[in-house]
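# Residue-level structural notes
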Amino acid sequence: MTLFLIQTLRGRIVKSTATGYGTVAVTIHWLSAILILALLGSGFRASSFVDSAAKASVLSVHVPLGITILLLTLVRVAWWVFADSKPSHPTGDPAWQTMSAKAVHILFYVVIFGMAASGIGMMILSGAGSILFAGSDAPLPDFWDYLPRVPHGIGARVMIALLALHIGAALYHHFIKKDGLIWRMWFRQKTQRERS
Ligand code: HEM
Ligand code: HEM
């Protein structure tokens with residue numbers, strides 16, 4: 001396993017370069033994307049149940065995933081602040097597109113932290129943690145009785161809007177501009193110039 005990992009990573013670009021994201025940033029990006037899709041799915045599923053036991057079984061997955069995306073995003077921010085810097089934006093795009101891309105990227109971080117904070121807020125205020133994780137038999141509370149439920153619901157919808165804009169932009173670059181932008185966010189081998 002270790003040998004496989006070393007061989008896979010050998011010759012890969014760990015840090016980002018001017019033209020593309022490095023292995024660490026790419027790995028965190030796609031792990032986060034999978035986690036966020038799972039969180040949106042499990043969150044809407046949980047809130048669709050009235051039955052406490054059914055809701056609890058979905059939330060017992062949703063909450064740990066939510067804490068995981070919080071920790072992963074903290075690592076992501078630390079990676080950008082202390083270890084790596086982002087590639088320059090693609091040249092030749094109109095200024096409004098560059099500005100919107102920057103805004104959407106920043107808003108993703110804001111919404112992730114907002115969702116995590118409101119989720120944790122709901123758990124603390126309602127005391128549902130002991131029902132989900134400490135074997136209490138009490139029924140779950142109505143989360144709408146607690147204020148953080150409102151921003152949590154709004155944040156989920158903002159996240160979906162950001163995702164639509166973000167995926168729309170990626171598809172536009174891939175299929176209309178055909179500038180290969182998607183490959184900036186994929187695992188690359190070092191080019192001859194980057195090796196030397
Ligand atoms: C919830 C899911 C997603 C989130 C939160 C997300 C977030 C981000 C963020 C914050 C960046 C900026 C780089 C960084 O800070 O690490 C980025 C870049 C990028 N994302 Fe996503 N992303 C998601 C899903 C996707 C999907 C599904 C695609 C493809 C269809 C995609 C394609 C890209 C590409 C191509 C870039 C690089 C853009 C550039 O070169 O400037 N992302 N994403
Ligand atoms: C990026 C992270 C997260 C995302 C994308 C997310 C997504 C969602 C979604 C889509 C819903 C349903 C919203 C609605 O129906 O209006 C939801 C509900 C909920 N989430 Fe999250 N969530 C995240 C983090 C968390 C965390 C960290 C916790 C707890 C520590 C949490 C606890 C809950 C609870 C208790 C509900 C209420 C379920 C109900 O009303 O029945 N979430 N979440």
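It should be noted that the structure appears before, not after, this text.
Here goes a summary of the coordinates provided. (Residues numbered from 1 in each chain as written. Chains lettered and ligands numbered in written order. Predicted model: local features only at pLDDT ≥ 70, side-chain atom pairs only at ≥ 80, totals over all residues.)

On to the overall build of the protein. From N to C terminus, the protein includes seven helices and zero strands. Reading the secondary structure of the protein in the N-to-C direction produces α-α-α-α-α-α-α. C-alpha extents for the protein along the principal axes are approximately 65 × 45 × 30 Å. Across the 196 residues that make up the protein, the buried fraction comes to 15%. (Helix = DSSP H or I, 4+ residues; strand = E, 2+ residues; numbered from the N terminus. Buried ≥ 20, exposed ≤ 12 C-beta atoms within 10 Å, placed from the backbone.)

Another aspect to go through is helix H2 (residues 23-48). Between its first and last C-alpha, H2 extends 38 Å over 26 residues, near the 38 Å set by a 1.5 Å rise per residue. Three or more residues of H2 are buried, namely Ala25, Ile36, Leu39, Gly43 and Ala46. Residues of H2 that are buried make contact with helix H3 (52-83) and helix H6 (149-177). (Expected span 1.5 Å × (residues − 1). Contact = placed C-beta atoms within 7 Å.)

Below, the discussion takes up helix H4 (residues 95-126). With 32 residues, H4 extends 46 Å between its outermost C-alpha atoms, agreeing within 8% with the 46 Å of an ideal straight helix rising 1.5 Å per residue. For H4, the complete set of buried residues consists of Val111, Ile112, Met115, Ala116, Ser118, Gly119, Met122 and Met123. Immediately downstream of H4, the backbone of Gly127 shows phi near 70 degrees, a positive value.

Quick look at the site of ligand 2 now. Neighbouring residues of ligand 2: 26 residues in total, closest Gly43, Gly66, Gly119, Gly153 and Ala156. Of all the secondary-structure elements, those providing two or more residues to the shell around ligand 2 are H2, H3, H4 and H6. In terms of residue class, the shell around ligand 2 is built from 18 nonpolar, seven polar and one charged. (Near = placed C-beta within 6 Å. Nonpolar A, V, L, I, M, F, W, Y, C, P; charged D, E, K, R; others polar.)

Attention now goes to the site of ligand 1. Around ligand 1 there are 17 residues in total, and Ala33, Ile36, Ala170, Arg184 and Met185 lie nearest to it. Of all the elements in the fold, those that place two or more residues in the shell around ligand 1 are H2, H4 and H6. Per-element tally for the shell around ligand 1: the top contributor is H2, with five residues. Residue composition of the shell around ligand 1, grouped by class: eleven nonpolar, five polar and one charged.

The subject of this paragraph is the packing of H3 against H4. Where H3 meets H4, the closest approach of the two axes is 10 Å, and the angle between their N-to-C directions is 140 degrees. By the angle between their axes, H3 is oblique relative to H4. Regarding H3 and H4, the two cross each other, and that crossing is left-handed. The residues of H4 that touch H3, namely those facing Val63, Gly66, Ile69, Leu70, Thr73 and Val77, are Tyr109, Ile112, Phe113, Ala116, Gly119 and Met123. Here the contact of H3 with H4 is composed, by residue class, of nine nonpolar, three polar and no charged. (Axes fitted to C-alpha atoms, helices over the stretch in contact; angles between N-to-C directions. Parallel < 35°, antiparallel > 145°, perpendicular 65-115°, else oblique. Left-handed = near helix turned anticlockwise from the far one by under 90°.)

Here we come to unusual backbone geometry. At Lys178, a residue that is not glycine, the phi angle is positive and equals roughly 50 degrees. Along the polypeptide, Lys178 turns up in the loop between H6 and helix H7 (192-195). Overall, the presence of 8 C-beta atoms within 10 Å leaves Lys178 in the exposed class.

Running from N to C, H2 and H6 cross one another at 135 degrees; their axes reach a closest spacing of 11 Å. As judged from the angle between their axes, H2 and H6 are oblique. In terms of crossing hand, the pair formed by H2 and H6 is left-handed. Residues Ile36, Leu40 and Gly43 of H2 pack against Ala156, Met159 and Ile160 of H6.

Within the secondary structure layout, Ser100 lies in helix H4. Overall, Ser100 belongs to the partly exposed group, with 15 C-beta atoms counted inside 10 Å. When the C-alpha positions of Ser100 and Arg45 are compared, they lie 31 Å apart, and in sequence the two are 55 residues distant.

Relative to the helices and strands, Ala103 is located in helix H4. A count of 12 C-beta atoms within 10 Å places Ala103 in the exposed class. Distance in space between the C-alpha atoms of Ala103 and Val75 is 21 Å, their sequence separation being 28 residues.

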